[in-house]
Amino acid sequence: MRLNPISVPKNAISINDDSVISQIKERNQGAFRLLFDAYYKSLYAYATKFVGAEIAHDAVQDLFSGIWQKGADWNITSSLHNYLFTGVRNNCLQWLEKQKVRDRYMQESAWQLAVDEVNFYHSGGDGAQSLLETELQHKVDEAISKLPPQCQKVFRMSRLEVKKNREIADELDISQKAVEKQLTKALKFLREELKEYMPFLLILLG
């Protein structure tokens, strides 16, 4: 049984715990409504300390639904107040735990899809690129284009034209130490700029 909260003046409801509990166990809807109205607002406010408003509402509703479904089997070993607040807290924590597991599952699934996609295209042998590779190439090109002109030129000559530091230094009329400094600067920038894509870059380079 699920109820919508009604507007009740603060402190307007007082209940006898033992009486309400025994009546609810006998499926007395009036007693159940009384309990719900007496505690909903405070339980909802408590739940919002753990989760958002919508989930907080569900956590409280689920608690009361569980109480109604138990009927005669509803047993309380602590005070009614403690039982209700502990129940709401547990519902919130369970939701948070499921959310964490779901997020981890989604991350693992996304990773596996990326691996499968790359393996599929690579096994074809027709030179086609996967969508992942195409996207990564675009991101890499975009990141390189953000480098300062001299730094970008040194990086392209080193990584794309596969030239040695000495050759780059001779062509640009700078010292090898200057070349190394520019490469270090470029790599540091690109690692930061592409940090979200590093795992996928490792797949492609592996």
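Undergrad: How do you make sense of the nonpolar core when you look at a structure like this?
TA: The nonpolar side chains of a soluble globular protein tend to be buried, and buried together. Core analysis: the biggest nonpolar cluster contains 26 residues, and L35, L43, F64, I67 and L84 have the highest contact counts within it. Every element with two or more residues in this core is listed here: α1 (17–25), α2 (29–47), α3 (53–70) and α4 (80–124). Formed by 16 residues, the second largest nonpolar core is a distinct cluster that contains L136, C151, V154 and L183.

Undergrad: How should unusual backbone geometry be read in this particular structure?
TA: In most cases, non-glycine residues show a negative phi, while peptide bonds are predominantly trans. Here the phi dihedral of V162 falls at roughly 55°; this positive angle occurs in a residue that is not glycine. Tracing the sequence through the fold places V162 in the loop between α6 (149–160) and α7 (165–172). In this structure, D173 is a non-glycine residue whose phi angle is positive, near 60°. Its location among the elements puts D173 in the loop between α7 and α8 (176–193).

Undergrad: Looking at this structure, how should I read the side chain of S158?
TA: Positionally, S158 belongs in helix α6. A distance of 2.7 Å separates a polar atom in the side chain of S158 from a polar atom in the side chain of R159. Among residues more than four places away in sequence, those in contact with S158 are K163, I168 and L183.

Undergrad: It is not clear to me how the environment of Y44 should be interpreted in this structure. Could you clarify?
TA: In this structure, Y44 sits in helix α2. Remark: the alpha-carbon pair of Y44 and Q61, spanning 17 residues in sequence, is separated by 9.3 Å. Other than its neighbours up to four places away in sequence, Y44 contacts A53, A56, H57 and V60.

Undergrad: Sorry if this is basic, but what is going on with the pattern of salt bridges here?
TA: A side chain of one charge can pair with a side chain of the opposite charge when the charged atoms of the two come close. Counted according to the given criterion, the structure contains 4 salt bridges. E161 is paired through a salt bridge with K163; the nearest N and O atoms lie 3.3 Å apart. According to the relative accessible area criterion, E161 is partly exposed, its value standing at 45%. On the basis of relative accessibility, which here comes to 23%, the residue K163 falls in the partly exposed class. Counted as one network, the salt bridges with shared partners bring together E161, K163 and E171.

Parameters at a glance
- Residues numbered from 1 in each chain as written.
- Predicted model: local features only at pLDDT ≥ 70, side-chain atom pairs only at ≥ 80, totals over all residues.
- Heavy atoms only, no water.
- Core = buried A, V, L, I, M, F, W, Y, C linked by side-chain atoms within 4.5 Å.
- Buried < 20%, exposed > 50% of the residue type's maximum accessible area, 1.4 Å probe, protein only.
- Helix = DSSP H or I, 4+ residues; strand = E, 2+ residues; numbered from the N terminus.
- Polar contact = N/O pair within 3.5 Å; in protein donor to acceptor, adjacent residues only side chain to side chain.
- Contact = heavy atoms within 4.5 Å.
- Salt bridge = Lys/Arg side-chain N within 4 Å of Asp/Glu carboxyl O.

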